[in-house]
Amino acid sequence: MEEELLLVDVHTGKPRSVASQVVAAATDEGNAHAAGEGGVEPELQRYMVETQSSVASDLSDVDTELREWRRVVAHAAREAGAGVAALATAPLGGAGLISSTPRYQRMAERFGPTAQEVLTCGCHVHVGVESDEEGIAAIDRIRAWLPVILAISANSPFYNGRDTGYASYRSQLWMRWPSAGPTDTFGTAEAYHSLVSSMVESGVLLDEGMIYFDARLSRRYPTVEIRVADVCIDLEDTLVVAALCRALVETAAAEAARGDPAPQVPTSLLRLAVWRAAHDGVGGVLVDLVSRRPRSWIEVMRDLVIHVHDSLEEFGDIERVEVGIDRLTRVGNGATSQRRTFAKTGQLVDVVVEAVRRTAGR
(Lines give C-alpha, C1' and ligand atoms only; values in the text may rest on other atoms or scores of the structure.)
Protein backbone atom coordinates (compact mmCIF):
# COMPACT_ATOMS: atom_id res chain seq x y z
CA MET A 1 0.00 0.00 0.00
CA GLU A 2 1.19 3.52 -0.81
CA GLU A 3 -0.43 6.66 0.58
CA GLU A 4 0.40 10.15 -0.63
CA LEU A 5 -0.15 12.72 2.11
CA LEU A 6 -0.45 16.51 1.94
CA LEU A 7 1.71 18.77 4.13
CA VAL A 8 -0.10 21.90 5.29
CA ASP A 9 0.08 25.01 7.44
CA VAL A 10 -2.46 24.37 10.20
CA HIS A 11 -3.08 28.11 10.66
CA THR A 12 -3.77 29.07 7.04
CA GLY A 13 -4.72 25.68 5.59
CA LYS A 14 -2.34 26.19 2.68
CA PRO A 15 0.32 23.64 1.61
CA ARG A 16 3.72 23.81 3.30
CA SER A 17 6.93 22.97 1.41
CA VAL A 18 8.60 20.93 4.18
CA ALA A 19 8.76 17.48 2.56
CA SER A 20 12.54 17.10 2.88
CA GLN A 21 12.45 17.78 6.64
CA VAL A 22 9.49 15.48 7.13
CA VAL A 23 11.01 12.61 5.14
CA ALA A 24 14.28 12.82 7.08
CA ALA A 25 12.61 12.97 10.50
CA ALA A 26 9.98 10.35 9.67
CA THR A 27 12.60 7.93 8.33
CA ASP A 28 14.65 8.27 11.52
CA GLU A 29 11.61 7.81 13.75
CA GLY A 30 10.25 4.95 11.66
CA ASN A 31 13.55 3.11 11.96
CA ALA A 32 13.75 3.78 15.69
CA HIS A 33 10.22 2.55 16.36
CA ALA A 34 10.28 -0.39 13.90
CA ALA A 35 7.34 1.01 11.94
CA GLY A 36 7.74 -1.81 9.45
CA GLU A 37 9.70 -2.52 6.29
CA GLY A 38 7.96 0.28 4.41
CA GLY A 39 9.14 3.85 4.33
CA VAL A 40 8.56 7.50 3.54
CA GLU A 41 9.66 9.18 0.31
CA PRO A 42 9.43 12.64 -1.26
CA GLU A 43 7.12 13.21 -4.19
CA LEU A 44 6.93 15.54 -7.20
CA GLN A 45 5.98 18.57 -5.13
CA ARG A 46 7.57 19.67 -1.88
CA TYR A 47 4.10 19.81 -0.31
CA MET A 48 3.64 16.04 -0.08
CA VAL A 49 5.20 12.75 0.95
CA GLU A 50 4.43 9.11 0.20
CA THR A 51 4.32 6.33 2.79
CA GLN A 52 4.76 2.71 1.81
CA SER A 53 3.70 -0.31 3.82
CA SER A 54 5.45 -3.65 4.06
CA VAL A 55 4.26 -6.66 2.09
CA ALA A 56 1.44 -8.35 4.00
CA SER A 57 -1.31 -10.89 3.45
CA ASP A 58 -3.50 -9.92 6.42
CA LEU A 59 -5.25 -6.56 6.11
CA SER A 60 -5.10 -6.14 9.88
CA ASP A 61 -1.31 -5.94 9.56
CA VAL A 62 -1.65 -3.36 6.78
CA ASP A 63 -4.04 -1.38 8.98
CA THR A 64 -1.60 -1.36 11.89
CA GLU A 65 1.33 -0.29 9.76
CA LEU A 66 -0.47 2.45 7.84
CA ARG A 67 -1.71 3.92 11.13
CA GLU A 68 1.82 3.86 12.48
CA TRP A 69 3.26 5.57 9.43
CA ARG A 70 0.57 8.24 9.61
CA ARG A 71 1.46 8.79 13.27
CA VAL A 72 5.18 8.97 12.45
CA VAL A 73 4.67 11.42 9.57
CA ALA A 74 2.27 13.54 11.67
CA HIS A 75 4.92 13.83 14.40
CA ALA A 76 7.62 14.70 11.87
CA ALA A 77 5.36 17.34 10.29
CA ARG A 78 4.67 18.93 13.68
CA GLU A 79 8.43 19.12 14.27
CA ALA A 80 8.69 20.99 10.96
CA GLY A 81 5.91 23.40 11.96
CA ALA A 82 3.27 21.78 9.73
CA GLY A 83 0.48 19.24 9.70
CA VAL A 84 -0.17 16.22 7.52
CA ALA A 85 -3.57 15.66 5.91
CA ALA A 86 -4.94 12.71 3.95
CA LEU A 87 -6.58 14.96 1.37
CA ALA A 88 -6.41 14.12 -2.33
CA THR A 89 -6.25 17.78 -3.39
CA ALA A 90 -5.29 20.94 -1.54
CA PRO A 91 -8.47 22.89 -0.71
CA LEU A 92 -6.38 26.06 -0.61
CA GLY A 93 -3.74 26.66 -3.28
CA GLY A 94 0.03 26.55 -3.11
CA ALA A 95 2.79 27.93 -5.30
CA GLY A 96 3.65 24.69 -7.14
CA LEU A 97 7.11 24.12 -5.66
CA ILE A 98 8.79 21.13 -7.33
CA SER A 99 11.12 18.78 -5.44
CA SER A 100 14.80 19.30 -6.16
CA THR A 101 15.61 15.84 -7.55
CA PRO A 102 16.89 16.01 -11.15
CA ARG A 103 14.09 13.79 -12.50
CA TYR A 104 11.35 15.93 -10.97
CA GLN A 105 13.06 19.09 -12.21
CA ARG A 106 13.09 17.65 -15.75
CA MET A 107 9.40 16.84 -15.44
CA ALA A 108 8.72 20.44 -14.41
CA GLU A 109 10.70 21.79 -17.35
CA ARG A 110 8.90 19.57 -19.87
CA PHE A 111 5.33 19.68 -18.55
CA GLY A 112 5.24 23.19 -17.08
CA PRO A 113 1.95 24.12 -15.38
CA THR A 114 0.79 20.49 -15.34
CA ALA A 115 3.65 19.56 -13.01
CA GLN A 116 3.11 22.66 -10.89
CA GLU A 117 -0.68 22.60 -10.66
CA VAL A 118 -1.35 18.86 -10.33
CA LEU A 119 -0.88 18.69 -6.56
CA THR A 120 -2.75 15.46 -5.95
CA CYS A 121 -2.55 12.63 -3.42
CA GLY A 122 -3.53 9.12 -4.40
CA CYS A 123 -3.61 5.68 -2.83
CA HIS A 124 -1.92 2.84 -4.70
CA VAL A 125 -2.60 -0.83 -4.04
CA HIS A 126 -0.03 -3.44 -5.08
CA VAL A 127 -1.32 -6.99 -5.45
CA GLY A 128 1.14 -9.83 -6.02
CA VAL A 129 0.96 -11.89 -9.22
CA GLU A 130 2.95 -14.92 -10.36
CA SER A 131 4.02 -13.46 -13.70
CA ASP A 132 3.60 -10.54 -16.05
CA GLU A 133 1.19 -12.68 -18.08
CA GLU A 134 -1.03 -13.21 -15.03
CA GLY A 135 -0.76 -9.51 -14.24
CA ILE A 136 -1.94 -8.45 -17.69
CA ALA A 137 -4.74 -11.01 -17.60
CA ALA A 138 -5.86 -9.39 -14.36
CA ILE A 139 -5.52 -5.81 -15.63
CA ASP A 140 -7.61 -6.66 -18.70
CA ARG A 141 -10.38 -8.09 -16.49
CA ILE A 142 -10.51 -5.55 -13.64
CA ARG A 143 -10.57 -2.39 -15.76
CA ALA A 144 -14.37 -2.18 -15.90
CA TRP A 145 -14.61 -2.20 -12.08
CA LEU A 146 -12.02 0.48 -11.34
CA PRO A 147 -14.53 3.38 -11.51
CA VAL A 148 -16.26 1.84 -8.47
CA ILE A 149 -12.96 1.90 -6.56
CA LEU A 150 -12.59 5.59 -7.44
CA ALA A 151 -16.13 6.35 -6.26
CA ILE A 152 -15.51 4.72 -2.86
CA SER A 153 -12.26 6.59 -2.30
CA ALA A 154 -13.31 10.01 -3.66
CA ASN A 155 -11.82 12.60 -1.29
CA SER A 156 -11.10 15.77 -3.25
CA PRO A 157 -14.11 18.05 -3.73
CA PHE A 158 -12.23 21.29 -2.98
CA TYR A 159 -9.43 22.78 -5.06
CA ASN A 160 -7.84 26.21 -5.14
CA GLY A 161 -10.39 27.75 -2.78
CA ARG A 162 -13.64 26.42 -4.24
CA ASP A 163 -15.95 23.45 -4.42
CA THR A 164 -15.33 21.91 -7.83
CA GLY A 165 -18.63 20.03 -7.97
CA TYR A 166 -16.70 16.74 -8.15
CA ALA A 167 -16.27 14.18 -5.40
CA SER A 168 -12.80 13.40 -6.81
CA TYR A 169 -11.30 16.38 -8.54
CA ARG A 170 -7.89 14.73 -8.14
CA SER A 171 -8.81 12.30 -10.90
CA GLN A 172 -9.67 15.16 -13.24
CA LEU A 173 -6.38 16.93 -12.58
CA TRP A 174 -4.47 13.68 -12.93
CA MET A 175 -5.84 13.14 -16.42
CA ARG A 176 -3.76 16.11 -17.57
CA TRP A 177 -0.74 13.80 -17.68
CA PRO A 178 -0.51 12.38 -21.22
CA SER A 179 -0.23 8.76 -20.06
CA ALA A 180 -2.94 8.77 -17.37
CA GLY A 181 -6.29 7.03 -17.22
CA PRO A 182 -8.02 3.87 -18.46
CA THR A 183 -6.39 1.60 -21.02
CA ASP A 184 -7.48 -0.71 -23.79
CA THR A 185 -7.17 -4.44 -23.14
CA PHE A 186 -3.66 -5.72 -23.87
CA GLY A 187 -4.15 -9.45 -24.35
CA THR A 188 -0.54 -10.38 -23.58
CA ALA A 189 2.35 -9.13 -21.49
CA GLU A 190 4.33 -8.74 -24.72
CA ALA A 191 1.73 -6.31 -26.07
CA TYR A 192 1.78 -4.36 -22.78
CA HIS A 193 5.56 -4.01 -22.74
CA SER A 194 5.63 -3.11 -26.43
CA LEU A 195 3.16 -0.28 -25.84
CA VAL A 196 5.06 0.98 -22.80
CA SER A 197 8.32 0.96 -24.78
CA SER A 198 6.69 2.86 -27.64
CA MET A 199 5.27 5.45 -25.26
CA VAL A 200 8.68 6.10 -23.72
CA GLU A 201 10.45 6.05 -27.11
CA SER A 202 7.96 8.66 -28.36
CA GLY A 203 9.98 11.22 -26.44
CA VAL A 204 6.95 12.58 -24.60
CA LEU A 205 7.49 10.71 -21.35
CA LEU A 206 10.77 10.89 -19.46
CA ASP A 207 10.80 7.22 -18.55
CA GLU A 208 8.70 4.19 -17.70
CA GLY A 209 7.92 5.68 -14.28
CA MET A 210 5.60 8.10 -16.07
CA ILE A 211 3.27 5.31 -17.22
CA TYR A 212 0.30 6.53 -15.20
CA PHE A 213 -2.33 3.97 -16.21
CA ASP A 214 -5.16 3.39 -13.73
CA ALA A 215 -3.70 -0.12 -13.35
CA ARG A 216 -0.23 -1.14 -14.48
CA LEU A 217 2.52 -3.67 -13.91
CA SER A 218 4.82 -2.32 -11.22
CA ARG A 219 8.38 -1.53 -12.32
CA ARG A 220 9.80 -2.49 -8.92
CA TYR A 221 7.68 -5.35 -7.64
CA PRO A 222 5.99 -8.50 -9.02
CA THR A 223 2.60 -6.85 -8.67
CA VAL A 224 -0.36 -5.29 -10.38
CA GLU A 225 -0.42 -1.69 -9.15
CA ILE A 226 -3.92 -0.19 -8.98
CA ARG A 227 -3.61 3.61 -8.97
CA VAL A 228 -7.15 4.88 -9.52
CA ALA A 229 -8.03 5.74 -5.89
CA ASP A 230 -7.83 9.02 -4.00
CA VAL A 231 -6.04 8.88 -0.67
CA CYS A 232 -8.77 8.42 1.96
CA ILE A 233 -9.19 10.39 5.19
CA ASP A 234 -10.36 7.29 7.05
CA LEU A 235 -8.19 4.21 6.93
CA GLU A 236 -11.35 2.12 7.16
CA ASP A 237 -12.13 3.28 3.62
CA THR A 238 -8.54 2.62 2.54
CA LEU A 239 -8.79 -0.97 3.73
CA VAL A 240 -12.08 -1.51 1.88
CA VAL A 241 -10.31 -0.29 -1.26
CA ALA A 242 -7.40 -2.64 -0.56
CA ALA A 243 -9.66 -5.63 0.06
CA LEU A 244 -11.63 -5.05 -3.13
CA CYS A 245 -8.49 -4.50 -5.23
CA ARG A 246 -6.93 -7.74 -4.01
CA ALA A 247 -10.18 -9.63 -4.58
CA LEU A 248 -10.51 -8.17 -8.08
CA VAL A 249 -7.02 -9.34 -9.05
CA GLU A 250 -7.52 -12.78 -7.50
CA THR A 251 -10.90 -13.20 -9.22
CA ALA A 252 -9.48 -12.05 -12.54
CA ALA A 253 -6.53 -14.45 -12.29
CA ALA A 254 -8.93 -17.33 -11.65
CA GLU A 255 -11.07 -16.29 -14.63
CA ALA A 256 -8.02 -16.20 -16.87
CA ALA A 257 -6.88 -19.61 -15.65
CA ARG A 258 -10.30 -21.00 -16.61
CA GLY A 259 -10.03 -19.42 -20.04
CA ASP A 260 -12.84 -16.90 -19.49
CA PRO A 261 -12.47 -13.98 -21.92
CA ALA A 262 -11.86 -10.46 -20.70
CA PRO A 263 -14.94 -8.20 -20.93
CA GLN A 264 -14.71 -6.03 -24.03
CA VAL A 265 -15.69 -2.60 -22.69
CA PRO A 266 -14.76 0.24 -25.07
CA THR A 267 -12.18 2.53 -23.49
CA SER A 268 -14.18 5.58 -24.56
CA LEU A 269 -17.12 4.30 -22.50
CA LEU A 270 -14.83 3.41 -19.62
CA ARG A 271 -13.58 7.00 -19.56
CA LEU A 272 -17.18 8.15 -19.17
CA ALA A 273 -17.63 5.73 -16.27
CA VAL A 274 -14.51 7.14 -14.59
CA TRP A 275 -15.83 10.68 -15.06
CA ARG A 276 -19.19 9.77 -13.49
CA ALA A 277 -17.49 8.06 -10.54
CA ALA A 278 -15.29 11.11 -10.02
CA HIS A 279 -18.24 13.46 -10.19
CA ASP A 280 -20.77 11.59 -8.03
CA GLY A 281 -18.65 9.45 -5.71
CA VAL A 282 -21.00 7.64 -3.36
CA GLY A 283 -24.57 8.82 -3.04
CA GLY A 284 -25.15 9.40 -6.74
CA VAL A 285 -25.10 7.21 -9.83
CA LEU A 286 -22.42 5.26 -11.65
CA VAL A 287 -22.29 3.89 -15.17
CA ASP A 288 -23.16 0.20 -15.14
CA LEU A 289 -20.72 -1.16 -17.71
CA VAL A 290 -22.85 -4.27 -18.27
CA SER A 291 -26.08 -2.48 -19.22
CA ARG A 292 -24.14 0.69 -20.18
CA ARG A 293 -26.76 2.75 -18.39
CA PRO A 294 -26.71 4.83 -15.19
CA ARG A 295 -27.52 2.99 -11.96
CA SER A 296 -27.40 3.82 -8.27
CA TRP A 297 -23.85 3.58 -6.92
CA ILE A 298 -24.92 1.11 -4.22
CA GLU A 299 -26.44 -1.26 -6.80
CA VAL A 300 -23.22 -1.25 -8.84
CA MET A 301 -21.24 -1.62 -5.62
CA ARG A 302 -23.26 -4.70 -4.65
CA ASP A 303 -22.65 -6.18 -8.09
CA LEU A 304 -18.91 -5.77 -7.49
CA VAL A 305 -19.12 -7.54 -4.13
CA ILE A 306 -21.04 -10.42 -5.73
CA HIS A 307 -18.41 -10.60 -8.49
CA VAL A 308 -15.50 -10.95 -6.01
CA HIS A 309 -17.37 -12.65 -3.15
CA ASP A 310 -15.44 -15.92 -3.26
CA SER A 311 -12.08 -14.14 -3.18
CA LEU A 312 -13.19 -11.88 -0.32
CA GLU A 313 -14.23 -14.93 1.67
CA GLU A 314 -10.98 -16.73 0.88
CA PHE A 315 -8.94 -13.86 2.32
CA GLY A 316 -11.27 -13.30 5.28
CA ASP A 317 -12.23 -9.81 4.08
CA ILE A 318 -15.95 -10.13 3.41
CA GLU A 319 -17.07 -8.76 6.79
CA ARG A 320 -14.70 -5.80 6.56
CA VAL A 321 -16.07 -4.92 3.13
CA GLU A 322 -19.71 -5.31 4.10
CA VAL A 323 -19.24 -3.15 7.21
CA GLY A 324 -17.37 -0.58 5.11
CA ILE A 325 -20.11 -0.39 2.52
CA ASP A 326 -22.71 0.05 5.24
CA ARG A 327 -20.63 2.91 6.65
CA LEU A 328 -20.32 4.53 3.21
CA THR A 329 -24.09 4.27 2.79
CA ARG A 330 -24.73 5.92 6.15
CA VAL A 331 -22.05 8.63 6.38
CA GLY A 332 -20.47 8.84 2.94
CA ASN A 333 -16.80 8.99 1.97
CA GLY A 334 -14.04 11.58 2.32
CA ALA A 335 -15.67 14.02 -0.09
CA THR A 336 -18.90 13.81 1.91
CA SER A 337 -16.99 14.45 5.12
CA GLN A 338 -15.13 17.46 3.74
CA ARG A 339 -18.33 19.06 2.50
CA ARG A 340 -20.03 18.36 5.83
CA THR A 341 -17.27 20.20 7.70
CA PHE A 342 -17.39 23.14 5.27
CA ALA A 343 -21.18 23.36 5.62
CA LYS A 344 -20.77 23.81 9.38
CA THR A 345 -18.24 26.66 9.31
CA GLY A 346 -17.96 28.01 5.77
CA GLN A 347 -14.15 28.00 6.15
CA LEU A 348 -11.87 25.77 4.06
CA VAL A 349 -9.15 26.10 6.67
CA ASP A 350 -11.46 24.16 9.00
CA VAL A 351 -11.71 21.38 6.41
CA VAL A 352 -7.92 21.14 6.38
CA VAL A 353 -7.56 21.26 10.17
CA GLU A 354 -10.18 18.54 10.60
CA ALA A 355 -8.34 16.38 8.08
CA VAL A 356 -5.07 16.91 9.98
CA ARG A 357 -6.75 15.80 13.21
CA ARG A 358 -8.21 12.68 11.67
CA THR A 359 -5.09 11.75 9.73
CA ALA A 360 -3.08 11.80 12.96
CA GLY A 361 -5.66 9.52 14.57
CA ARG A 362 -6.87 12.10 17.05
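Quick caveat, the model's predicted, so the values are computed rather than measured.

A. Examining the nonpolar core more closely. Of all hydrophobic cores here, the largest spans 79 residues; its most connected members are Ile149, Trp177, Ile226, Leu244, Met301, Leu304 and Leu312. Excluding residues within four positions of it along the chain, Met301 makes contact with Val148, Ile152, Leu244 and Ile325. One finds Leu7, Ala26, Ala90 and Val231 within the second-largest nonpolar core, a separate group that totals 34 residues.

B. Spatial organisation of the packing of aromatic side chains. With the rule as written, the count across this model stands at 11 aromatic pairs. Here Tyr192 and Phe213 contribute two aromatic rings whose centre-to-centre distance is 6.2 Å and whose plane-to-plane angle is 80 degrees, an arrangement assigned as edge-to-face. Note that Tyr192 is positioned in helix 8 (residues 189-201) and Phe213 in the loop between helix 8 and strand 8 (215-217), a separation of 21 residues in sequence. Residue Phe213 is classed as buried on the basis of its relative accessible area, which comes to 4%. Directly above the ring of Phe315 sits Arg246, whose terminal nitrogen or CZ lies 4.1 Å from the centroid.

C. Layout of unusual backbone geometry. The backbone of Asn160 sits at a positive phi, close to 55 degrees, despite the residue not being glycine. Not every positive phi belongs to a glycine, and Arg292 is a case in point at roughly 65 degrees. Relative to the assigned elements, Arg292 resides in the loop between strand 10 (285-288) and strand 11 (293-296).

D. Broad picture of the packing of helix 9 (residues 235-258) against helix 13 (residues 318-331). Viewed as axis vectors pointing N to C, helix 9 and helix 13 meet at an angle of 130 degrees, and their least axial separation amounts to 9 Å. It follows from the interaxial angle that helix 9 and helix 13 lie oblique. Both helix 9 and helix 13 take part in a crossing whose hand is left-handed. Contact residues: helix 9 offers Glu236, Asp237, Leu239, Val240, Ala243 and Leu244, while helix 13 offers Arg320, Val321, Gly324, Arg327 and Leu328. Here the residues of the contact of helix 9 with helix 13 sort into six nonpolar, one polar and four charged.

E. How the structure looks around the pattern of salt bridges. Scanning all chains against the criterion turns up 21 salt bridges. The partner of Asp163 in a salt bridge is Arg339, and the shortest N-O contact between them spans 2.9 Å. Here Asp163, found in strand 7 (residues 162-163), pairs with Arg339, found in helix 14 (residues 334-345); they are 176 residues apart in sequence, far enough to count as distant. Note that Arg227 and Glu225 form a salt bridge whose closest N and O atoms lie 3.0 Å from each other. Across the pair, exposure class does not vary: Arg227 and Glu225 are buried alike.

F. Just helix 3 (residues 102-111), in detail. For helix 3, the full list of buried residues reads Tyr104, Met107, Ala108 and Phe111. Summarising the axial view, the buried residues of helix 3 lie within an arc of 100 degrees, below the 170-degree limit, and thus occupy one face. Helix 3 presents Pro102 and Glu109 as exposed residues on the side facing more than 90 degrees away from its buried surface. In this structure, the buried side of helix 3 is in contact with strand 2 (39-42) and helix 4 (113-117). Looking one or two places after helix 3, you find Gly112, whose phi comes out positive at around 50 degrees.

Conventions and cut-offs
- Residues numbered from 1 in each chain as written.
- Predicted model: local features only at pLDDT ≥ 70, side-chain atom pairs only at ≥ 80, totals over all residues.
- Heavy atoms only, no water.
- Core = buried A, V, L, I, M, F, W, Y, C linked by side-chain atoms within 4.5 Å.
- Buried < 20%, exposed > 50% of the residue type's maximum accessible area, 1.4 Å probe, protein only.
- Contact = heavy atoms within 4.5 Å.
- Phe/Tyr/Trp six-rings, centres within 6.5 Å; stacked < 30°, edge-to-face > 60°.
- Helix = DSSP H or I, 4+ residues; strand = E, 2+ residues; numbered from the N terminus.
- Lys NZ or Arg CZ within 6 Å of the ring centre and 35° of its normal.
- Axes fitted to C-alpha atoms, helices over the stretch in contact; angles between N-to-C directions.
- Parallel < 35°, antiparallel > 145°, perpendicular 65-115°, else oblique.
- Left-handed = near helix turned anticlockwise from the far one by under 90°.
- Nonpolar A, V, L, I, M, F, W, Y, C, P; charged D, E, K, R; others polar.
- Salt bridge = Lys/Arg side-chain N within 4 Å of Asp/Glu carboxyl O.
- Arc of directions from axis to C-beta.

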